[in-house]
Amino acid sequence: MGLVHEIDYGTPASKAEKQITLSVDGFTVTVPEGTSIMRASMEAGIAIPKLCATDMVDAFGSCRLCLVEIEGRNGTPSSCTTPVAPGMVVHTQTGRLKDIRRGVMELYISDHPLDCLTCAANGDCELQTQAGVVGLRDVRYGYEGDNHVFKKMDGAENFKWMAKDESNPYFTYDPSKCIVCSRCVRACEEVQGTFALTIEGRGFGSRVSPGMHQPFIDSECVSCGACVQACPTATLTEKSVIQIGQPEHSVVTTCAYCGVGCSFKAEMRGDELVRMVPYKDGKANRGHSCVKGRFAYGYATHKERILNPMIREKITDPWREVSWEEALTHTANEFRRLQYQYGRTAIGGITSSRCTNEETYLVQKLIRQGFLNNNVDTCARVCHSPTGYGLGQTYGTSAGTQDFDSVEDSDVIMVIGANPSAAHPVFASRMKKRIRQGAKLIVLDPRVTETVDSVHAKADYHLPLKPGTNVAVVTSLAHVIVTEGLFDEQFIRERCDWSEFEDYAGFVSDERHSPEQVEKLSGVPAEKIREAARLYATGGNGAIYYGLGVTEHSQGSTTVIAIANLAMLTGNIGRRGVGVNPLRGQNNVQGSCDMGSFPHELPGYRHISGDAVRDIYESLWGVKLDNEPGLRIPNMLDAAVEGTFKGIYIQGEDILQSDPDTKHVSAGLAAMECVVVHDLFLNETARYAHVFLPGSTFLEKDGTFTNAERRINRVRKVMAPKNGFADWEVTQKLAQAMGLNWNYQHPSEIMDEIAQTTPSFAKVSYDYLDKMGSVQWPCNEAAPEGTPIMHIDHFVRGKGKFIRTEYVATDEKTGPRFPLLLTTGRILSQYNVGAQTRRTENVVWHSEDRLEVHPHDAENRGIRDGDWVRLQSRAGETTLRALITDRVSPGVVYTTFHHPDTQANVITTDFSDWATNCPEYKVTAVQVAPSNGPSEWQEEYEDLSQRSRKIATLEAAE
Amino acid sequence: MSMQAASTQIASRATAIIDEMKALEGPLLPILHEIQEEFGHVPAETLPIIAKALNISNAEVHGVVTFYHDYRNHPAGRHVLKVCRAEACQSMGGDAIAAQISQALGIGFHETTKDNSVTLEPVYCLGLCACAPAAMLDGEVIGRLDADKIEEIVQEVRS
């Protein structure tokens, strides 16, 4: 198999259209204008020696190894910094160059330890390689005198020597091996955009310094790994490589964390994962990564992972480990019994946005074909269901309009209710790169997030709106655009329904939508709204990116529609650099929606009531499908409490922790007779489970994930499932136990069935994905290479539809008892409910959820930083520690929801989006008061957790 | 004054300087100069304040401060004597002069006398090559250094 080899061209590709032809060592090569000689030469197959150049960062010209001679020019210019010119004649290997390179190399090696055989980078060290390449045979200078290599010189301390920094949990920094090529510093700046590294001092005293000569962990470093990736020596090395050794083969796969869907090379030694390295050909991430995808995979082998199926009669019993056969037969019998006893619709299931498309497809198929009902839903219910509704109504598709590359052409970027720096870090890095090039940034967020005040990419306008006033503010932006005549009339006449526009224009022009009126309820200064609107409408290509701060409201769908209107008004749709883009939270939340996970839709967003669509599946599956939509998650729980819903199959979702109003969820689950949880860990929901089916990780299966840009990426198996079976196999076995005639040998056969039945996937197959790398749906005869940008000449639905967006304040209001508004969010190092990241070293960055309180509100209540506080809403109360900060406005408090003992969702209410039931996580009226420790609920909960997780120990055989 | 009060005071004085100068084009070096002028050195706790105000990272400010020899991370002696060690002065016997100065003050380069009266630093060209060997005491240049002038300098810094 071997390692997947990627060519390093030394400098980034030029995007110029003009082509230049030159000669390199007698070979003719044609490249775009602006290409470096180094890159052109590599294109011709000639690798010029180099150390400080790598194609992820711009040329720097410091190592002096890549010198070349050019006919007609003096001296020996560096090939990385010299652009090609027409007719140029370049020589990369001459006697003069050989001497210079050997001399340079000799100097490098004279301040570098010669411990290659015991060095972690042995076999993967560019310094070692280049020493070989230039033919270094001798180092004349020796190690006497100043050096950075030895701790002691002649018995005395060597003050130039620096100890190894092992503070980061995932990589080490060994200054004695550093050649000060600045690749790490440049990667941190250019690729990641954090600027956490610098070169301190000068001359021979130059050293790489995290922050202000701090350990990595105390510096501004966000542990994205770009520096480790860039380092040509063992100076920055993954601890896993130090422990295990160099990998021997690698497999390209897709990260299983957020909706960016980064491509990685899983570098292996046997079936042991040595490291994850971002893949440069990955079209979503272009060779970049974040701390989660690159390093936080330790959960896959965490000791708490459950590897054997378990059942129990009552949830108060201890778990009993059983065989797969017993677990599946038991489950099938229970489901059949419940249907016989309580009716066909008494059971249902939840598909997972963490599993593959193929697995999701099978779960909904099991429910539709096996359970013979449509009681299937997915966690998108609680995140982006309003996106599906809003974009479907206005444009005709339930997905983002662009690819991530599109941001490279944006001039004005508007981020609404999202904090990509924490939740979609790799996209954030690409966005910040564009902002550093001059694009403008507008952020609508109640908090001063990392996206608002990031270094070198500060928001030009931050509109700190009061939680719950999105519709008012976005509609007010439209008011300014319409009343100031900034709309794109030609675009609207050509692409949208003009009479609907006129109606909408009349609606938004009303004085009640003016920034001056909206200021009163949103708290955003009117002038800021006006200026932001003008900038978006007139600043060039305007792109909108939004997140759960938009959707998780009682008017989530309305805000999505308001955003869609904004893009249509200004003609910002249907080309590169513009568009409306939901930042999807989970690796495959787009895919799980695409695969028919909703109770009213078959795969490809086709309504269940359509006879023609049902026909396709009925003839293939040989059953009659129910033509009425089934139950949504909240409806299932309501029905359970009422006693009409009795059994559920939950694959890879922790609804008890992630869904709103925890007490209601637990009451619903407790009322069921057969709760089947299929997961990696005994998650919170499993406390109410009767059957536990161990799940497999993304490393252990084949499949596909579809990311936020509709990109279908391959997931490839790199190790055998530790639990015995991939999740799709488990679902298949359950279907077989229920009497269904399923016989998939490989996930590719499931994809073939998806392609056969779903027009937007018609051309997708594993062979095709292997050939193309990845494709963005729709991918069919009309768009054989997929669709990076949607709605190019016309909207999918025909004419773009303007819909009125009346602001209706949420019923969740502050008052004397609950005077503060709570909103929730995420942090970079943790992922969602934390089931995975809490089981990795990422906890060093975030070991508990804290409540952010403005100093003013804190002082009124006598709360100091770090104090335990009680957080109370109409729904419930919990306790956590306070963090006093002016990132939140007075009147607003904020927390993350990564830790189960915090139970933020005990607080959140059951208000939800009017169209889709997406819960209103982002607005809860609360009171905060000093407290001594955990609430009664937390104590009870902890107690029940302990009891419900007991696994019976097997009795010793006599 | 308690430690905390002292550091609050440094922060507020630094903030005043930054506010006054951050509108300049390329404001970092002028701000650092002014801070050094104010405190006699660039206190470490001012670096994050500068970084935040200019929307750059702590690392970047640290990189700049450590690059330039003129910025100090701790206060110098009451007087600062910079002796030129560059080529023109060397050719006029600068090395011997430097050694004599060092001996007369009893300290090496980059060191401060125990009584905190003077800090001795090398400098690479004062632009006074015509009057080499040269030095600079507290910002005032002195040309054609010889034993007498060294004695005068020593007297002055000891007084």
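Since the structure is predicted, the reported quantities are computational estimates derived from the model, not experimental observations.

Student: Could you give me a rundown of the nonpolar core, with the residues and numbers involved?
Tutor: Core analysis: the biggest nonpolar cluster contains 182 residues, and A:Cys184, A:Cys227, A:Ile413, A:Val473, A:Leu477, A:Ile544 and A:Ile563 have the highest contact counts within it. A:Cys184 has contacts with A:Leu197, A:Val208, A:Cys227, A:Ala230, A:Cys231 and A:Leu236, leaving out every residue within four places of it along the chain.

Student: Residues and numbers for helix H22 (residues 633-642) of chain A, please.
Tutor: All buried positions along H22(A) are accounted for by A:Ile633, A:Pro634, A:Met636, A:Leu637, A:Ala639 and A:Ala640. Looking one or two places after H22(A), you find A:Gly643, whose phi comes out positive at around 95 degrees.

Student: Tell me about the pairing of strand S1 (residues 19-24) of chain A, and please be specific about residues and values.
Tutor: Residues and elements named next belong to chain A. Alternating residues of S1 divide into Ile-20, Leu-22 and Val-24, all buried, and Gln-19, Thr-21 and Ser-23, none buried. Pairing geometry for S1 and strand S2 (residues 27-32), over six bridges, is antiparallel. Opposite Leu-22, over in S2, you have Val-29 as the bridge partner. Two strands pair when backbone bridges link them, and S1 and strand S4 (residues 89-91) are joined in this way by two bridges, in the parallel orientation. Paired with Ser-23 across the bridge in S4 is Val-89.

Student: Give me the sheet that holds strand S19 (residues 440-444) of chain A: which residues, what numbers.
Tutor: Residue and element names in this part refer to chain A. Read across the sheet, five strands follow the order S22-S19-S18-S23-S24 without closing on themselves; strand pairing throughout is parallel. The two strands at the open ends of the sheet, each matched to only one other strand, are strand S22 (461-463) and strand S24 (579-582). Each adjacent strand pair in this sheet contributes to an overall mean axis angle of 15 degrees, direction not counted. For strand S18 (residues 412-416) and strand S23 (residues 542-546), the ladder comprises five bridges, and the chain directions are parallel. Directly across from Ile-413, in S23, lies its bridge partner Ala-543. Of the strands in this sheet, S18, S19, S22 and S23 are in contact with helix H17 (residues 526-538), which crosses S22 at around 125 degrees.

Student: Hey, could you go over the pairing of S18(A) for me, with residue numbers and the actual values?
Tutor: All names here are of chain A. Most of S18 is tucked away: five of the five residues are buried. Side chains of S18 alternate between two faces, with Val-412, Met-414 and Ile-416 and Ile-413 and Val-415 buried alike. Bridge count for S18 against S19 is five bridges, and the pairing is parallel. Of the residues in S19, the one forming a bridge with Met-414 is Ile-442.

Student: Account for the interface of chain B and chain A, naming residues and giving values.
Tutor: Frequently, the measure chosen for interface size is the accessible area that the parts lose on association. In this assembly, twelve residues from chain B lie in contact with 18 residues from chain A. Top element by residues in the side of chain B that touches chain A is helix H4 (residues 58-67) of chain B. It accounts for seven residues. Residues of the side of chain B that touches chain A, tallied by class, amount to five nonpolar, six polar and one charged.

Student: Give me the environment of B:Leu54: which residues, what numbers.
Tutor: Assignment of secondary structure puts B:Leu54 in helix H3 (residues 46-54). B:Leu54 sits 43 residues away from B:Ala11 along the chain, and the two C-alpha atoms are 15 Å apart.

Student: An account of the UniProt feature "binding site: [2Fe-2S] cluster" (unreviewed entry) in chain B is requested, with residue identities and associated values reported.
Tutor: All names here are of chain B. Sequence positions flagged by UniProt for "binding site: [2Fe-2S] cluster" (unreviewed entry) are, in local numbering, Cys-84, Cys-89, Cys-125 and Cys-129. Sequence-wise these annotated residues cover 46 residues; spatially they are packed, their C-alpha atoms never more than 9.5 Å apart. Residue position: Cys-84 is located in strand S1 (residues 79-84). Note on Cys-84: 28 C-beta atoms within 10 Å, which makes it buried. If we skip the residues at most four places from it in the chain, Cys-84 touches Cys-89, Gly-94, Val-123, Cys-125, Leu-126, Pro-133, Ala-134 and Ala-135. Within the element layout of this structure, Cys-129 appears in the loop between strand S3 (118-123) and strand S4 (135-137).

Scoring rules and cut-offs
- Residues numbered from 1 in each chain as written.
- Chains lettered and ligands numbered in written order.
- Predicted model: local features only at pLDDT ≥ 70, side-chain atom pairs only at ≥ 80, totals over all residues.
- Core = buried A, V, L, I, M, F, W, Y, C linked by C-beta atoms within 7 Å.
- Buried ≥ 20, exposed ≤ 12 C-beta atoms within 10 Å, placed from the backbone.
- Contact = placed C-beta atoms within 7 Å.
- Helix = DSSP H or I, 4+ residues; strand = E, 2+ residues; numbered from the N terminus.
- Pairing = 2+ DSSP bridges.
- Axes fitted to C-alpha atoms, helices over the stretch in contact; angles between N-to-C directions.
- Nonpolar A, V, L, I, M, F, W, Y, C, P; charged D, E, K, R; others polar.
- UniProt positions renumbered as here; feature names shortened; annotations may be inferred.

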